Amino acid sequence: MTGTLITVAPTGAEVDKAEVPALPVTLDELVDTAKRCEQAGASIIHVHLRDDDTRPTLDPVRLRDAVAALRDTTNLIVQLSTGGSVRDGEEARLAVLDAEPDMASCTMGTVNFGDDVFLNRWAFVVELHRRMRDKAVVPEYELFDLGHLAALERLLDKEGLPFGGHVHVDFVLGVPGGAAGDASTVAAFAEGVRRYLPEGTTFSATGIGRTTLPVMLASLAHGGHLRVGMEDTVSYARRQPVTGNDQLVERAARAAALAQRPAITTVEARKLLRMRDAD
């Protein structure tokens, strides 16, 4: 792959709007962020939504409205989170797919998440994988620990390849309770992709908080792609808050260009991921 796929995760479920005013939580803010990030080099937007009180929500009407608004105003690939928040139940998380996104996340196992537990039972993961394939939704398999690589190998062996036949994963590193966010961990995950997953599997990497830069640079060095955004960090540098998600996308695009693997377009991204509208 001669280019870099850049995903932006603008909101998440953990950051408090009252503490981070630049966080996009309304639909208008999300759409404005999406436009700016597409111009800066992003080709995928990973979406969490908030309610009128800025709390995380999986409300089906809001999900459909968000997908429609992002499609109307951008060419970005719309990827909905099926993780929601650590308090969301399985049925609500599965129902996210009813909003008909282009992609959705599929986390490959349970992990301690700070002081909480992000629960992903095997039966739930299997059902999510099956429903995505039935609905022609491309999964991004989220891996928080090295054991999740073996779990994904097991899933693909027992249940078959996802819709489109291409496997794409995202290493989420630096979460308290998960794998560390450093260069050696990225290298271990990259080697695990080659060992456990089908030939041609692509990967992105996400570094939480202060791990953002080492994970970004290590992913590029190992031929990987990038996910950035205010879901993952609200600091641009020491004592320098992020001013907007496009600031993080711009930095990722500059790093990709420096690595001589410039950001790819949404058209190229759809072909890479073998999406239903890739042609």
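What counts and what doesn't
- Residues numbered from 1 in each chain as written.
- Predicted model: local features only at pLDDT ≥ 70, side-chain atom pairs only at ≥ 80, totals over all residues.
- Heavy atoms only, no water.
- Helix = DSSP H or I, 4+ residues; strand = E, 2+ residues; numbered from the N terminus.
- Rg over C-alpha atoms; globule rule 2.2 N^0.38 Å.
- Buried < 20%, exposed > 50% of the residue type's maximum accessible area, 1.4 Å probe, protein only.
- Contact = heavy atoms within 4.5 Å.
- Lys, Arg positive; Asp, Glu negative; His and termini not counted.
- Charge placed at Lys NZ, Arg CZ, Asp CG, Glu CD.
- Phe/Tyr/Trp six-rings, centres within 6.5 Å; stacked < 30°, edge-to-face > 60°.
- Core = buried A, V, L, I, M, F, W, Y, C linked by side-chain atoms within 4.5 Å.
- Axes fitted to C-alpha atoms, helices over the stretch in contact; angles between N-to-C directions.
- Parallel < 35°, antiparallel > 145°, perpendicular 65-115°, else oblique.
- Left-handed = near helix turned anticlockwise from the far one by under 90°.
- Nonpolar A, V, L, I, M, F, W, Y, C, P; charged D, E, K, R; others polar.
- 1 Å grid on protein atoms, 1.4 Å probe; cavity = no way out; pocket = protein on both sides within 12 Å on 5 of 7 lines; lining within 4 Å.
- Points joined across faces, edges and corners; volume = space filled by probe spheres on them.
- Salt bridge = Lys/Arg side-chain N within 4 Å of Asp/Glu carboxyl O.
- Pairing = 2+ DSSP bridges.

### Quick look at the overall build of the chain
- Counting secondary structure elements, the chain contains nine helices and 14 strands.
- Computed over its C-alpha atoms, the radius of gyration of the chain comes to 17 Å, within 12% of the 19 Å expected for a compact globule of 279 residues.
- Considered along the principal axes of its C-alpha atoms, the chain spans approximately 45 × 45 × 40 Å.
- Per-residue burial over the chain gives 56% buried out of 279 residues.
- Excluding contacts between residues fewer than 6 apart, the proportion of contacts in the chain whose partners are at least 24 apart in sequence is 73%.
- The positive charge centre, built from 30 side chains, and the negative charge centre, built from 40, are 3 Å apart in the chain.

### Digging into the environment of Ile45
- Mapped onto the elements of the fold, Ile45 is located in strand β2 (residues 44-47).
- Residues Ile45 and Val215 lie 170 residues apart in sequence; the distance between their C-alpha atoms is 19 Å.
- Those residues in contact with Ile45 that lie beyond four places of it in its chain are Val8, Pro10, Leu30, Ala34, Leu70, Leu76, Ile77, Val78 and Gln79.

### Quick look at the packing of aromatic side chains
- Taken as a whole, this structure holds five aromatic pairs when the rule is applied.
- Considering the side-chain rings of Phe113 and Phe118, the 6.2 Å spacing of their centres and the 75° angle between planes classify their relative orientation as edge-to-face.
- Exposure remark for Phe113: the relative accessible area of 21% places this residue in the partly exposed category.
- For Phe118, a relative accessible area of 7% gives the class buried.
- Note on Phe113 and Phe144: the rings are 6.3 Å apart at their centroids and 65° apart in plane angle, and the pair reads as edge-to-face.

### Side note on the nonpolar core
- In this structure, Ile45, Val47, Leu70, Leu80 and Val249 are the most contacted members of the largest nonpolar core, which totals 39 residues.
- No other element matches the six residues that helix α8 (residues 245-258) contributes to this core.
- If we ignore the near neighbours within four places in the chain, the residues touching Val249 are Ile6, Val8, Cys37, Ala40, Gly41, Ala42 and Val228.
- Counting residues in each nonpolar core, the second largest holds 32 residues, with Leu94, Cys106, Phe189 and Ala218 among its members.

### A few points about the packing of helix α4 (residues 122-134) against helix α5 (residues 147-159)
- Contact geometry for α4 and α5: axes closest at 11 Å, N-to-C directions at 55°. As summarised for this structure, α4 and α5 are arranged oblique, according to the angle between their axes. Of the two elements, α4 crosses α5, and the hand of that crossing is right-handed. Here Trp122, Val125, Val126, His129, Arg130 and Arg133 of α4 come into contact with α5, specifically with Ala151, Arg154, Leu155, Leu156 and Glu159.
- Classifying every residue of the contact of α4 with α5 by side-chain character gives six nonpolar, one polar and four charged.

### Comments concerning the layout of surface pockets
- By volume, the largest pocket amounts to about 560 Å³.
- Taken together, 28 residues form the lining of the largest pocket, with Glu14, Phe113, Val175, Ile208 and Glu231 sitting closest to its centre.
- Volume-wise, the second largest pocket comes out at about 250 Å³.
- When grouped by side-chain class, the residues that make up the lining of the second largest pocket number five nonpolar, four polar and three charged.

### As for the pattern of salt bridges
- As enumerated under the stated definition, the model contains 18 salt bridges in all.
- Across the salt bridge formed by Asp32 and Arg36, the nearest N and O atoms sit 3.0 Å from each other. Here the residue Asp32 and the residue Arg36 both occupy positions in helix α1 (residues 27-40), the gap between them amounting to four residues, near one helical turn.
- Since its relative accessible area comes to 44%, Arg36 is described here as partly exposed.
- A salt bridge links Asp52 to Arg62, with the nearest nitrogen and oxygen atoms 2.8 Å apart.

### Overview of the sheet that holds strand β1 (residues 6-8)
- Strand order in this closed barrel of eight strands is β1-β2-β5-β6-β9-β10-β11-β12, and the pairing throughout is parallel. Strand-to-strand twist in this sheet, taken as the mean axis angle between neighbours without regard to direction, amounts to 25°.
- Summarising the sheet, strand β5 (residues 77-80) and strand β6 (residues 103-107) pair through two bridges and their orientation is parallel. Across the sheet, the residue bridging to Gln79 is Met103, located in β6.
- Most of the contacts of helix α7 (residues 212-221) go to strand β11 (residues 202-207), to which it runs at about 165°, and overall it touches β10 (168-173), β11 and β12 (225-228).
- Contacts from helix α9 (residues 266-273) reach β2, β5, β6, β9 (138-143), β10, β11 and β12, with the element oriented near 55° to β5.

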